[in-house]
Amino acid sequence: MQQGDTISAIATPRGEGGIGIVRISGEHAIDVAAAIFRAAGGRSLKGLDSHCALYGRIFDEKGRVVDEAIALLMRTPHSYTAEDVVELQCHGGMLPLRKVLSLTWQHGARPAERGEFTKRAFLNGRLDLSQAQAVMDIIEARTDASLTMAAGHLTGHFSKGIHDMRHDILGMIAHIEAAIDFPEDEVDDVLTYDIQEKVVEIRNKISGMLKTAHAGRILRDGLMTAIIGKPNVGKSSLLNSLLREERAIVTEIPGTTRDSIEEYADVGGIPLRIIDTAGIRSTDDVVERIGVEKARTYADKAALVLALFDASRPLSHEDEEILTLGRQHDAILLLNKCDLAMVTTPQLLAAHAPQQTIIPISTHTGAGFSQLVECIRSRVYDGAAAGDEGDFVTDARQAEILRQADAHLEASLRTIEADMGLDFISIDLRSAWEKLGELTGETVGEDIINEIFSKFCIGK
């Protein structure tokens, strides 16, 4: 179905580039494009077949050439929005793109809202809600694992599991209603036993999906990671090693890092939002003291804390404070400079922190980094199967819906045990069926849909 009005927006990022695209979608998209675009060979855009392109020029209202362009036509329903779509591929400067966009508005289009193209794809049945959300996840993916997860959702792996569960629940509801309509068959006991088995099976599937929520959220949003330690233990060197570039200044002068440096790093497929903090120590320097306080604050906020110690020196009072912070946050303890003669050994450090993971590393030689990567991956995946990211739960909303659906299924089992009758079992099952439909958008309210798409960028 067409959404009534025609929308347009710049669909490429801001800035200068070789190509910039103005996207037009809606019932009058072809008319709008034809009003400002003229093909070099004189062919009519309106008579062009779907998925064909024409080279030509964009003209303003006074007949002046604005830019060269290629017009790509996609007719309904074979387009991203399942509506008529024209993409005008111009040069990638903001001035010509804004001019072309303004011309589309003068000829009947209106500015697209955030995520409106993808919202139309959802409303027109081309994508379900989970697939639509995956569009932005693909755009924002920072690692291969993040991209695999988003692509799995976009291609329907996650949705298929939800559809299968809803299909099974609907089948149970149909059997219950048939038994209610034909009570003379007296199949209640057999039917309730079969329902119990199927409900338990579906709950096990939901439980397995919920186990992926922790990893899915991190792959989507990144894991906030704080590097803490006293001055000159190698925190900035560790950041540079994880980033595989010289991002932070490294010197032998204590206190070089006074403020916090934040960067994203791909560590074994996990997007880490790494914060390199100021060295924690007592200091009379006002600026450095502010940095030390910020370091403690970041350690409190971080989901992963990497506490760094110098293996070539004995533990100091400052190290004791780091150990205390590490115990509070279940930090991974990294014993740096293990390529030098070790004064502080893993065994000595373990005596102070017997419950924590200790990994000897060298930011100079790279020793221990593979073990660190595997330790981080183990914490993130936490039982979820690496390689199955396409089926992962990606955000808190999806996880909460699954928990609520599971609660309705659990209620149906309690209803069966209480021998309350088929009608009451059907109510609980239908509630679970409707709740799962919120994941694919089949039973979701308009306010939720608007909220989800408002987080998209304009042009997508």
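Provided above is the structure to which this section pertains.
Residues numbered from 1 in each chain as written. Predicted model: local features only at pLDDT ≥ 70, side-chain atom pairs only at ≥ 80, totals over all residues. Heavy atoms only, no water.

**Side note on the overall build of the protein chain**
Rule in force here: Numbered from the N terminus, helices here are DSSP runs of H or I no shorter than four residues, and strands are runs of E no shorter than two. For the radius of gyration, the atoms used are the C-alpha atoms, and the globule rule reads 2.2 Å times the number of residues raised to 0.38. Contact criterion: two residues are considered in contact whenever any of their non-hydrogen atoms come within 4.5 Å of each other. Using the Shrake-Rupley algorithm and a 1.4 Å probe, accessible areas are obtained, with residue cover drawn only from the displayed protein chains. In this tally Asp and Glu are treated as negative and Lys and Arg as positive; neither His nor the chain ends contributes. Just so you know, the charge point we use is NZ for Lys, CZ for Arg, CG for Asp and CD for Glu.
When helices and strands are tallied, the protein chain shows 16 helices and 13 strands. Relative to a compact globule of 460 residues, whose C-alpha radius of gyration would be 23 Å, the protein chain shows 29 Å and is clearly more extended. Summarising its shape, the C-alpha atoms of the protein chain cover approximately 80 × 80 × 35 Å along the three principal directions. Contacts in the protein chain between residues at least 24 apart in sequence constitute 68% of all its contacts with a sequence separation of at least 6. Accessible area for the protein chain stands at about 21,700 Å²; split by element, carbon and sulfur atoms hold 51% of it. The averaged location of the 70 negative side-chain charges in the protein chain is 9 Å from the averaged location of its 48 positive side-chain charges.

**Thoughts on the pattern of salt bridges**
The cut-off we apply is this: When a carboxyl oxygen of Asp or Glu is within 4 Å of a side-chain nitrogen of Lys or Arg, the pair counts as a salt bridge. Buried means the residue's accessible area, taken with a 1.4 Å probe over protein chains only, is under 20% of the maximum for its type, while exposed means over 50%, and partly exposed covers the values in between.
In this structure the tally under the stated criterion is 23 salt bridges. Here Arg 120 and Glu 83 are joined by a salt bridge, their closest N and O atoms 3.1 Å apart. Taken as a pair, Arg 120 in helix H3 (residues 116-123) and Glu 83 in the loop between strand S5 (65-74) and strand S6 (85-92) lie far apart in primary sequence, 37 residues in all. Comparing Arg 120 with Glu 83 shows no difference in burial state: the two are buried. Ionic pairing is found between Arg 166 and Glu 442, a salt bridge with its closest N-O pair at 3.1 Å.

**Considering a nonpolar patch on the surface**
Spelled out, the test is: Here the term patch refers to residues with relative accessible area over 30% and no salt bridge, with like charges joined within 9 Å and nonpolar side chains (Val, Leu, Ile, Met, Phe, Trp, Tyr) within 5 Å.
Taken together, the side chains of Met 420, Phe 424 and Ile 427 make up a nonpolar region of the molecular surface, amounting to roughly 300 Å² of accessible area. Summarising the element assignment, Ile 427 is placed in helix H15 (residues 422-440). The class for Ile 427 is exposed, based on a relative accessible area of 51%.

**Looking at the packing of helix H8 (residues 213-221) against helix H13 (residues 369-381)**
Threshold: Between the N-to-C directions of two axes lies an angle of 0 to 180 degrees, each axis being a line fitted to C-alpha atoms and, for a helix, fitted only over the stretch in contact. By the definition adopted for this analysis, an angle is roughly parallel if under 35 degrees, roughly antiparallel if over 145, roughly perpendicular if from 65 to 115, and oblique otherwise. Classes in brief: Ala, Val, Leu, Ile, Met, Phe, Trp, Tyr, Cys and Pro nonpolar; Asp, Glu, Lys and Arg charged; the others, Gly included, polar.
Two elements in contact, H8 and H13, have axes separated by 7 Å at closest approach and are oriented at 120 degrees. The orientation of H8 relative to H13 falls into the category oblique. Between H8 and H13, the contacting residues are His 214, Ala 215, Ile 218 and Leu 219 on the first element and Arg 379, Val 380 and Tyr 381 on the second. Classifying every residue of the contact of H8 with H13 gives 5 nonpolar, 1 polar and 1 charged.

**Digging into the side chain of Ser 146**
Here Ser 146 lies in helix H5 (residues 144-154). Among the residues examined, Ser 146 registers a relative accessible area of 3% and is labelled buried. Every residue in contact with Ser 146, bar those within four places of it in the chain, is listed here: Ala 141, Leu 219 and Pro 271.

**Topic: unusual backbone geometry**
In this structure, the amide linkage connecting Thr 76 to the following residue, Pro 77, adopts the cis form with an omega of 0 degrees. With respect to the secondary-structure elements, Pro 77 resides in the loop between S5 and S6. Here Ala 82, not a glycine, exhibits a phi torsion of approximately 70 degrees, which is positive. Residue class for Ala 82 comes out buried when judged on its relative accessible area of 8%. Of note, the phi angle at Asp 330 is positive, near 50 degrees, even though the residue is not glycine. Owing to a relative accessible area of 42%, Asp 330 belongs among the partly exposed residues under this scheme.

**Comments concerning the pairing of strand S9 (residues 261-267)**
Rules: Strands pair, by our definition, only if DSSP identifies at least two bridges between them.
Where S9 and strand S10 (residues 270-276) come together, 7 bridges link them in antiparallel fashion. In the sheet register, Ile 261 faces S10, and the bridge partner there is Asp 276. Connecting S9 to the antiparallel partner S10 that follows it, the hairpin turn spans 2 residues, and Gly 268 within it adopts a positive phi of roughly 60 degrees.

**Some details on the sheet that holds strand S13 (residues 358-360)**
Taken together, the 6 strands give an open sheet; going across it, the order is S9-S10-S8-S11-S12-S13, and neighbouring strands pair in mixed fashion. In this open sheet, the two edge strands, each paired with only one partner strand, are S9 and S13. When the angles between neighbouring strand axes are averaged without regard to direction, this sheet yields 25 degrees. Across 4 bridges, strand S8 (residues 223-228) lies against strand S11 (residues 304-310) in parallel orientation. Within S11, the position partnered with Thr 225 by the bridge is Leu 304. Docked against the sheet, helix H9 (residues 235-243) engages S8, S9, S10, S11 and strand S12 (332-336), running at close to 45 degrees with respect to S9. Taken strand by strand, H13 contacts S8, S9, S10, S11, S12 and S13, and its axis lies near 175 degrees from that of S12.

**What to know about the nonpolar core**
To keep things clear, this is the line we draw: The nonpolar core is taken to be a set of buried Ala, Val, Leu, Ile, Met, Phe, Trp, Tyr and Cys residues, with the residues joined through side-chain atoms within 4.5 Å.
In terms of nonpolar packing, the biggest core is built from 33 residues, with Leu 238, Leu 306, Ile 332 and Leu 334 touching the most fellow members. Sort the elements by how many residues they give to this core and H13 lands first, with 6 residues. Excluding anything up to four places from it in sequence, Leu 238 contacts Ile 227, Leu 306, Leu 308, Leu 334, Ile 361, Thr 363 and Phe 369. In terms of nonpolar packing, the next biggest core, distinct from the first, is built from 30 residues, Ile 173, Ile 202, Leu 429 and Leu 436 among them.

**Here's the deal with the sheet that holds strand S7 (residues 110-111)**
Read from one edge of the open sheet, 7 strands run S3-S4-S5-S6-S2-S1-S7, paired in mixed fashion. The sheet is open, and its two edges are formed by strand S3 (37-39) and S7, each paired on a single side. Its contacts with the sheet place helix H2 (residues 94-106) against strand S1 (7-10), strand S2 (17-25), strand S4 (52-59), S5, S6 and S7, and it is angled at close to 175 degrees to S1. Those strands touched by H3 are S1, S2 and S7, and its axis lies near 135 degrees from that of S1.

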